[in-house]
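Per-entry structural report
In case you want the letters, here they are:
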Amino acid sequence: MLLKTVPILVLVTHVLALKNGLMQTPPMGWLAWERFRCNIDCKEDPKNCISEQLFMEMADRLAEDGWRDLGYTYLNIDDCWIGERDERGNLVADPRRFPNGIAHLADYAHSLGLKLGIYADLGNFTCMGFPGTTLDRVVQDAKTFAKWKVDMLKLDGCYSTPLERAVGYPKMAAALNATGHPIAFSCSWPAYEGGLPPTVNYTLLADICNLWRNYDDIQDSWSSVLSILDWFVEYQDILQPVAGPGHWNDPDMLLVGNFGLSFEEAQSQMALWTVLAAPLFMSTDLRTISAKDMGILQNPLMIKIHQDPLGIQGRRIVKEKSQIEVFLRPLSQKASALVFFSRRTDMPYHYSTSLKWLNFTSASVYEAQNVYTGEIISDLHIKTKFTVTINPSGVVMWYLYPIHYETEAMDRT
Ligand SMILES: *[C@@H]1O[C@H](CO)[C@@H](O)[C@H](O)[C@H]1NC(C)=O
Ligand SMILES: *[C@@H]1O[C@H](CO)[C@@H](O)[C@H](O)[C@H]1NC(C)=O
Ligand SMILES: *[C@@H]1O[C@H](CO)[C@@H](O)[C@H](O)[C@H]1NC(C)=O
């Protein structure tokens, strides 16, 4: 009897976690904050201020430059869009910077096959001091966002207390559900509580949020990327199991295309975020991005790995004395993504290893495709020694899959 009961309990938990059915694979899109911050000076800087025009121009780029078709469908507003509350207490966008309002922007995004995300803050003010969504406003604001046909809400936590957050995040999840309009829910809650149990209850988060910010905001530098990566790796035993279809850990936006990362570092962030099954929210100027950076972000095999239907977050599996680390994400059809990452700062390093050393045990023969160069590495038995050359602060990334001899033999006849 006991054996029969357990799977049912597992099933119930699973159904609860699915709630709105959204984001069965980690979301992809564009989010304004890291690159454009709270620039509201449209007089001095009309091309880059937080305005309807900025979002419409990014929407055009997402639709016309191949992004949308690869899966980058979310166009997300962050802080600094709010003007005030009207006489009924409803949120209103700043009328000078968003003269047609958010509903118009949502319609525009939808007309291009995109989704619109918006931002609010569960507290007296948003982080930048605009009107907040206090507990008594949660239901009202959820209704406003649904009326505007917004597709996603990021709910920040500045100017709130731990108790208000403990009440407010589940309250918003219920309020969004009650609107009847599917709205993905991004919760900044754990980042305000230190990101770890027992203060943070990841079971509860997975029930009410589609993604959550666990840790510090990313800044435009490699040291920021490393500090976030270090934290996610240190606590991977806690964080890795709580991610899955419909509920994801969020180490914050991609910096690719901005000022702080070298080419190698940009490739590393993309590869590591992909292996961690992290949301891929770009935050860069898509009007001026270079072909090289587009190549990193638009790599089809990278995106196929990122969107793998199993939705399993990867882990660091090896940490060598040579400052080489290996990350692995299990994928469907017995495939894996492997990231060989160098923390060295001297010169390209020749790392020799074998699948056996990386804990592979199957008797299959494997083949790999280098995700960034396209090179095929064949005839890998688990004991085969191979060498990858990894640049300083760089990665080599493999898509590794077993080869079935029977199929091959048939193909040859
Ligand atoms: C929010 O505003 C109320 C009313 O002014 C105040 O009592 C409370 O301390 C504020 N909360 C925070 C977290 O700043
Ligand atoms: C609300 O929640 C129920 C049950 O969890 C779910 O079936 C439904 O799809 C949700 N609706 C929306 C709009 O999220
Ligand atoms: C965490 O939340 C879940 C779901 O709401 C609940 O069943 C569980 O008791 C909570 N765990 C702790 C340690 O509070």
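Scroll up to find the structure.
An account of the accompanying structure is given in this report.

Reading guide: rules and limits
Residues numbered from 1 in each chain as written. Chains lettered and ligands numbered in written order. Predicted model: local features only at pLDDT ≥ 70, side-chain atom pairs only at ≥ 80, totals over all residues. Heavy atoms only, no water. Near = heavy atom within 4 Å. Polar contact = N/O pair within 3.5 Å; in protein donor to acceptor, adjacent residues only side chain to side chain. Areas by Shrake-Rupley, 256 points an atom, 1.4 Å probe, with all protein chains shown as cover. Nonpolar A, V, L, I, M, F, W, Y, C, P; charged D, E, K, R; others polar. Salt bridge = Lys/Arg side-chain N within 4 Å of Asp/Glu carboxyl O. Helix = DSSP H or I, 4+ residues; strand = E, 2+ residues; numbered from the N terminus. Core = buried A, V, L, I, M, F, W, Y, C linked by side-chain atoms within 4.5 Å. Buried < 20%, exposed > 50% of the residue type's maximum accessible area, 1.4 Å probe, protein only. Contact = heavy atoms within 4.5 Å. Expected span 1.5 Å × (residues − 1). Pairing = 2+ DSSP bridges. Axes fitted to C-alpha atoms, helices over the stretch in contact; angles between N-to-C directions.

In the vicinity of ligand 1, the contacting residues are Asn124, Tyr159, Ser160 and Thr161. Within the side chain of Asn124, one N or O atom sits 2.3 Å away from an oxygen atom of ligand 1. For ligand 1, whose free accessible area comes to 360 Å², the fraction covered by protein is 33%. Per-class residue counts for the shell around ligand 1 are one nonpolar, three polar and no charged.

Attention now moves to the pattern of salt bridges. Side-chain pairs of opposite charge can arise whenever the charged atoms involved come near each other. The tally for this structure, following the rule as stated, stands at 19 salt bridges. Residue Asp94 is joined to Arg96 by a salt bridge in which the shortest nitrogen-to-oxygen separation is 3.3 Å. Between Glu325 and Arg343 there is a salt bridge, and its shortest N-O distance comes to 2.6 Å. Of this pair, Glu325 sits in strand β12 (residues 324-330) while Arg343 sits in the loop between β13 (336-342) and β14 (349-353), and the two are 18 residues apart along the sequence.

What follows covers the nonpolar core. Core analysis: the biggest nonpolar cluster contains 117 residues, and Trp30, Tyr72, Trp81, Ile102, Phe145, Leu153 and Phe185 have the highest contact counts within it. Once residues lying within four places of it in the same chain are set aside, the contact partners of Phe185 are Leu153, Leu155, Tyr169, Met172, Ala173, Leu176, Ile208, Cys209, Asn210 and Leu211. Grouped together as the second largest cluster of nonpolar side chains are 21 residues, Val326, Leu338, Leu355 and Trp398 included.

Here we take up helix α11 (residues 263-275). Taking 1.5 Å per residue as the helical rise, α11 with its 13 residues ought to reach 18 Å, and the 19 Å between its terminal C-alpha atoms agrees with that figure. Most of α11 is tucked away: 12 of the 13 residues are buried. For α11, the full list of buried residues reads Glu264, Glu265, Ala266, Gln267, Ser268, Gln269, Met270, Ala271, Leu272, Trp273, Thr274 and Val275. Looking one or two residues past α11, Ala277 carries a phi angle of roughly 50 degrees, positive in sign.

To continue, consider the sheet that holds β13. If you trace the six strands from one edge of the open sheet to the other, you get β11-β12-β13-β18-β15-β16, paired in antiparallel fashion. Edge positions in the open sheet fall to β11 (315-319) and β16 (376-380), since each of these has one partner strand only. Averaged over neighbouring strand pairs, the angle between their axes works out to 25 degrees when direction is ignored. Note: strand β15 (residues 365-370) against β16, three bridges, orientation antiparallel.

Let's shift gears to unusual backbone geometry. A cis amide bond links Pro197 with the next residue in sequence, Pro198, at an omega value of 5 degrees. Even without being a glycine, Tyr159 presents a positive backbone phi close to 55 degrees. Here Tyr159 is to be found in the loop between β6 (152-156) and α7 (162-179). Although it is not a glycine, Lys334 adopts a positive phi angle of roughly 60 degrees.

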